[in-house]
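Structural description and commentary
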Amino acid sequence: MIGDITIGQYFPGNSLIHRIDPRMKTVLIFIMMLAVFFCQNYVSMGIALAVTLLVVLVSKIKLTVILKGMKPILFIVIFTTLLNLFYGTGEPIFHFGIIKITQNGINNAVFMALRILILVVTGLMLTYTTTPTQLTDAIESLLKPLKVFKLDIHSLAMTMTIALRFIPILVEEVDKIMAAQKSRGADMESGGIIKRAKAIVPVLIPLFISSFRRANELADAMECRCYRGGEGRTKMNVSHMSAIDYISLAFVVAYFAGVILLMIFTKSVI
């Protein structure tokens, strides 16, 4: 399960999604995520699901990679689905003791599961098709208006990107530590929840030590290269908007407007 975490990884490619300007891509992903929360019936949710699948197909990222990246959140999806299923309002269609299932509960459960899945897949598309450097530049560019509040935008963007980039590195480190502990006879897969939680302690301590060591090595490497933040720095690759970016923007805006219109003129089921 640990090895299935692919958040923060970049998959090289030359698809349409890869070629969209990182700044525009970040904005479009945000709009697509926002649109999911305005889906109030099965028609609009179906459109959101179709658009998400279309983005996945256009990105040319293998479906197995997407499914593998979603495995770690499977428990969250199941838990929230069941929670909404049994706490719906209205006339029950199934009743057994304190367990009550209503049509409203079923609708809420389905919509909550689909929303989580669509949000995760949409977010993965950003990291899968954008390099950490491009993502840093995009975040820094989009947050430039905050400079009026005397905020160090470059450092903020760099911190966010480094944190995201370290996720796959730490996942790999956890795999190595767990393999080392198992080779010494540690049992991490049997017993109850309490026993398994105690078995994680020998993994967490080396992981913290390794994380601090990597952070110090990264800081030393940046200082050796005379890194001093964003003041006076120039970019080797300057981003420029192209026709692809404006066409993508028009498509996403039309999609968002369609969802809003469906919310206004059609009946909500949740």
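Below is a summary of the structure that appears in this document.

Calculation rules
- Residues numbered from 1 in each chain as written.
- Predicted model: local features only at pLDDT ≥ 70, side-chain atom pairs only at ≥ 80, totals over all residues.
- Heavy atoms only, no water.
- Helix = DSSP H or I, 4+ residues; strand = E, 2+ residues; numbered from the N terminus.
- Contact = heavy atoms within 4.5 Å.
- Lys, Arg positive; Asp, Glu negative; His and termini not counted.
- Charge placed at Lys NZ, Arg CZ, Asp CG, Glu CD.
- Axes fitted to C-alpha atoms, helices over the stretch in contact; angles between N-to-C directions.
- Parallel < 35°, antiparallel > 145°, perpendicular 65-115°, else oblique.
- Left-handed = near helix turned anticlockwise from the far one by under 90°.
- Nonpolar A, V, L, I, M, F, W, Y, C, P; charged D, E, K, R; others polar.
- Buried < 20%, exposed > 50% of the residue type's maximum accessible area, 1.4 Å probe, protein only.
- Pairing = 2+ DSSP bridges.
- Expected span 1.5 Å × (residues − 1).
- Arc of directions from axis to C-beta.

1. Side note on the overall build of the protein
A count of helical and extended segments in the protein gives ten helices and two strands. Starting at the N terminus, the α and β elements of the protein follow one another as α-α-α-α-α-β-β-α-α-α-α-α. Projected onto its principal axes, the C-alpha coordinates of the protein cover approximately 70 × 60 × 40 Å. Within the protein, counting contacts between residues at least 6 apart in sequence, those at least 24 apart form 77% of the total. Charged side chains of the protein number 26 positive and 16 negative; the gap between the two group centres comes to 4 Å.

2. Comments concerning the packing of helix α3 (residues 42–59) against helix α6 (residues 103–128)
In the contact formed by α3 and α6, the axes pass within 10 Å of each other and the chain directions differ by 25°. When the axis of α3 is compared with that of α6, the two are roughly parallel. In this structure, α3 crosses over α6, and the sense of that crossing is left-handed. Every residue of α6 that contacts α3 at Y42, M45, A48, L49, T52, V55, V56 and S59 is listed here: N107, V110, F111, L114, R115, I118, V121, T122 and M125. Split by residue class, the contact of α3 with α6 holds twelve nonpolar, four polar and one charged.

3. Thoughts on the pairing of strand β1 (residues 92–96)
Note on strand geometry: in a regular strand, side chains alternate between the two faces of the sheet. Little of β1 sits inside the fold, with zero of its five residues counted as buried. The pairing of β1 with strand β2 (residues 99–102) spans four bridges and is classified as antiparallel. Residue pairing for β2: H95 is matched across the bridge by K100.

4. Some words on helix α5 (residues 74–85)
If you check α5, its first and last C-alpha atoms are 16 Å apart, about what twelve residues at 1.5 Å a residue would give, namely 16 Å. Of all the positions in α5, only V77, T80 and L85 are classed as buried. Buried residues of α5 fall within an arc of 135° about the axis and therefore sit on the same side. Elements that come into contact with the buried residues of α5 comprise β2 and α6.

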